[in-house]
Amino acid sequence: MSDTAEQEERAAPAGPEAPPAQDEPAEQRDGRSRERRVAALRGARRVLARPGFVTTLRERIALLDGAEELYDLDEPSDMYGNGVVEALEERTAALLGTEAAAFFPTGTMAQQVALRCWAGRTGNPVVALHGLGHPEQHERNAFSRGGGLHPVRLTDAPRPPTADEVRGFEEPFGALMLELPLREAGYLLPTWEELTEVVEAARERDAVVHFDGARLWECTVHFGRPLAEIAGLADSVYVSFYKSLKGYGGGALAGPRTLVEEAKAWRHRYGGQVFQQFPTALSALAGLERELPRLPSYVAHARVVAAALRASLAAAGLPWARVHPAVPHTHEFQVWLPCDPDAASEAALRQAEETGTMLFSQPWDAGGPGIALTEVSVGESGLEWTADDVRAAVADFAARLTA
């Protein structure tokens, strides 16, 4: 499941819609399903999380209400990365404990630039990473096609890579890239001890370490460490301003000042030095100020929701139903059900359309023959859900599914 696909969803009129005909072209059918899902999500009274991209332009603009508390609005507007953009970069570097940070319009650009800069310094363009990592799954081979890099997979197993895999890899690499958390495996994180061992194993091989930390912000609960200590393990870190912080877009590359300055030169070459970015920068500052402090509460409540889901799915008599990981590492996790993905999607949509409660708001994919897989995210709206609320919603969903 790609973030891009989810963000390309567009609003549609709310209300029930008949399932598309099965002989409809797959692309058209998928488009109708997305429109229906977004409409259901916008119309639902109760959801576990309501992503910003499904709201209206007016609601998105309202994110900047109170912006005068975030930055002096009487200051000149930004031009090519100064002003409020510089303030955002300084705030990010301070939070991560790095010397500097550079704002980028996309994570694809930021990480390609970061690894390209490291390749020039190490003299080795090989990047060791996980086969389920974002660059391998969702970026159309950007590292090799556009960045002059040579990605190699440490493993494709649905778990974080191990120190033994790093030490025993059969060819030299200049950089180790770790996605924290590993989304495609269920937003999984290693233990703190496992993470430090993996980093040490890379150092033993004279490789630099880069964290794909698009969702690093919510990892502090699992690791029991502050952001700066987590980021301090790596030579460079990428973080996103929209995935968990609800900003309009963009992210930052943080690390040594010399690396960041070089990255800014490549940012210009890649077309990332945008004329004005003050709305996005202000929305990122709003996320850091308002949403970042709430993330630990989302993680804690995700564990309540997950426990209630596990018990309720078992009580509903759905064999092999799984919540993964059983105790979420972040505020997001996976749910696996023994059914056809289209059946699960239809049950979830009808529940939202007919009751106003949307338990499962993300798409359902095929996790294998007769297996449906979706992701669950718990945000501010999810804090209102009690364990009893989850159990009631699961019972209603299961009845629709089995019917």
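Before reading on, note that the structure itself is shown above.
Residues numbered from 1 in each chain as written. Predicted model: local features only at pLDDT ≥ 70, side-chain atom pairs only at ≥ 80, totals over all residues. Heavy atoms only, no water.

*Asks:* What should I look at first to understand the overall build of the protein chain in this one?
*Replies:* Counting its secondary structure elements, the protein chain contains 16 helices and 13 strands. Principal-axis analysis of the C-alpha atoms places the extent of the protein chain at approximately 60 × 55 × 45 Å. Considering the protein chain as a whole, with its 403 residues, one finds that 53% of them fall into the buried category. Of the accessible surface of the protein chain, which amounts to about 17,300 Å², a share of 51% is contributed by carbon and sulfur atoms. (Helix = DSSP H or I, 4+ residues; strand = E, 2+ residues; numbered from the N terminus. Buried < 20%, exposed > 50% of the residue type's maximum accessible area, 1.4 Å probe, protein only. Areas by Shrake-Rupley, 256 points an atom, 1.4 Å probe, with all protein chains shown as cover.)

*Asks:* Help me out: how do you make sense of the pairing of strand 7 (residues 236–240) in this one?
*Replies:* On a regular strand, each side chain points to the face opposite its neighbour's, so the side chains alternate between the two faces of the sheet. Extensive coverage of strand 7 is indicated by the burial of five of its five residues. Side chains Ser236, Tyr238 and Ser240 of strand 7 all project onto a buried face; the interleaved residues Val237 and Val239 project onto the opposite face, where all are buried too. Pairing between strand 6 (residues 208–212) and strand 7: three bridges, direction parallel. Of the residues in strand 7, the one forming a bridge with aspartate 212 is tyrosine 238. Two elements, strand 7 and strand 8 (residues 251–255), share four bridges in a ladder whose sense is antiparallel. Residue pairing in the sheet places tyrosine 238 in a bridge with leucine 253 of strand 8. (Pairing = 2+ DSSP bridges.)

*Asks:* Would you take a moment to explain the packing of aromatic side chains for this structure?
*Replies:* Two measures describe an aromatic ring pair: the distance that separates the ring centres and the angle between the ring planes. Across all of its chains, the model carries eight aromatic pairs by this definition. Ring geometry for phenylalanine 169 versus phenylalanine 173: centroids 6.3 Å apart, planes at 70°, classification edge-to-face. Relative to tryptophan 364, the ring of phenylalanine 360 lies with its centre 5.2 Å away and its plane at 75°, an arrangement referred to as edge-to-face. Look at phenylalanine 360 and you get buried, because its relative accessible area is 2%. The exposure class assigned to tryptophan 364 is buried, which follows from its relative accessible area of 9%. Counting every residue linked through ring pairs, the aromatic cluster contains Phe360, Trp364 and Phe397. Geometry around tryptophan 118 places arginine 121 over its ring, the cationic atom sitting 5.8 Å from the centre. (Phe/Tyr/Trp six-rings, centres within 6.5 Å; stacked < 30°, edge-to-face > 60°. Lys NZ or Arg CZ within 6 Å of the ring centre and 35° of its normal.)

*Asks:* Looking at this structure, I do not really get the nonpolar core. What am I missing?
*Replies:* The nonpolar side chains of a soluble globular protein tend to be buried, and buried together. Membership of the largest hydrophobic core comes to 52 residues, with the highest contact counts inside it found for Leu176, Leu195, Phe211, Leu216, Trp217 and Phe241. The element best represented in this core is helix 9 (residues 192–204), accounting for six residues. In this structure phenylalanine 211 touches Gln111, Leu178, Leu180, Leu195, Val199, Ile230, Leu233, Ala234, Ser236, Val237 and Tyr238, once residues within four positions along its chain are discounted. (Core = buried A, V, L, I, M, F, W, Y, C linked by side-chain atoms within 4.5 Å. Contact = heavy atoms within 4.5 Å.)

*Asks:* Would you mind going over the sheet that holds strand 10 (residues 332–337) with me for this structure?
*Replies:* Spatially, 9-10-13-12 is the arrangement adopted by the four strands of the open sheet, whose pairing is antiparallel. Taken across any chain shown, the strands that pair with only one partner, and hence form the sheet edges, are strand 9 (322–324) and strand 12 (365–368). Sheet twist, expressed as the average angle between the axes of neighbouring strands with direction ignored, equals 35°. Packed onto the sheet, helix 14 (residues 295–315) meets strand 9 and strand 10 and runs at close to 10° relative to strand 10. (Axes fitted to C-alpha atoms, helices over the stretch in contact; angles between N-to-C directions.)

*Asks:* Before we go on, may I ask you to explain the pairing of strand 3 (residues 126–130) in this structure?
*Replies:* Most of strand 3 sits out of view: five of its five residues are buried. Side chains of strand 3 alternate between two faces, with Val126, Ala128 and His130 and Val127 and Leu129 buried alike. Where strand 3 meets strand 4 (residues 150–155), five bridges bridge the pair, whose relative direction is parallel. Bridge pairing in strand 4 places valine 126 opposite histidine 150. In this structure, strand 3 lies alongside strand 5 (residues 175–179), joined through two bridges in parallel fashion. Opposite alanine 128, over in strand 5, you have leucine 176 as the bridge partner.

*Asks:* Sorry if this is basic, but what is going on with helix 15 (residues 341–355) here?
*Replies:* Side chains three or four residues apart in an α-helix point the same way, a direct result of the helix having 3.6 residues per turn. For helix 15, which comprises 15 residues, the first-to-last C-alpha distance of 21 Å matches the rise-based estimate of 21 Å (1.5 Å per residue) to within 8%. Of the residues that open helix 15, the one with a side-chain oxygen 2.8 Å from the backbone nitrogen of aspartate 342 is aspartate 340. Of the residues one or two after helix 15, glycine 356 is the one with positive phi, at around 80°. (Expected span 1.5 Å × (residues − 1). Polar contact = N/O pair within 3.5 Å; in protein donor to acceptor, adjacent residues only side chain to side chain.)

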